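One letter stands for each residue in the lines below.
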Amino acid sequence: LVGADRVAADGATTAVIGTFGLAELAERHHVPLFVATPLVTVDAAVADAAASAVESERYADLGVELVAPETLQGSVQARGPVQDVTPPELIAGLLTEAGLLSPPFGPALASALAAGGA
């Protein structure tokens with residue numbers, strides 16, 4: 001059971017970094033993964049995982065003399081993602097205030113939202 005910060009129209013979820021890895025492990029070991037999230041996190045304008053934005057933090061420049069050969073003199077930019085996206089095919093169900101939504105999530109989310117869930 002994991003949470004989500006945002007849910008795309010197809011059920012792809014954006015959550016804290018590591019959620020996608022947990023979903024892959026759950027699938028490999030035949031353990032269903034459920035996402036508990038309120039319907040207010042659904043962004044119907046975001047179609048799928050490919051359209052989902054992931055938040056990241058930019059880190060200060062790192063001196064390459066410690067981390068790269070001389071041919072890469074200057075600085076290296078580092079990025080630290082704080083979220084990842086889990087595709088709907090790795091999710092067994094979405095637990096919401098409207099109840100358990102099952103795949104395919106697109107129609108299930110649309111119906112829950114139309115019923116006034118968010």
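Residues numbered from 1 in each chain as written. Predicted model: local features only at pLDDT ≥ 70, side-chain atom pairs only at ≥ 80, totals over all residues. Heavy atoms only, no water.

Q: What is the right way to look at unusual backbone geometry in this model?
A: Here the residue pair Pro103 and Pro104 is connected by a cis peptide bond, since its omega of -5° sits within 30 degrees of zero. Within the fold, Pro104 resides in the loop between β12 (99-101) and α3 (105-117). The phi angle at His30 is positive, at roughly 60°, despite the residue not being glycine. Within the secondary structure, His30 is located in the loop between α1 (19-28) and β4 (34-36). (Helix = DSSP H or I, 4+ residues; strand = E, 2+ residues; numbered from the N terminus.)

Q: Even after reading the chapter, I still don't get the sheet that holds β4, so can you show me in this structure?
A: Within a sheet, neighbouring strands are paired by backbone hydrogen bonds and run either parallel or antiparallel to one another. In space, the four strands of this open sheet follow the order β1-β4-β11-β12, with mixed pairing throughout. Lying at the two open borders of the sheet, with one neighbouring strand each, are β1 (2-3) and β12. Pairing of β4 with strand β11 (residues 93-96) involves three bridges; the strand directions are parallel. From the neighbouring strand, Val35 faces β11, where its bridge partner is Leu94. (Pairing = 2+ DSSP bridges.)

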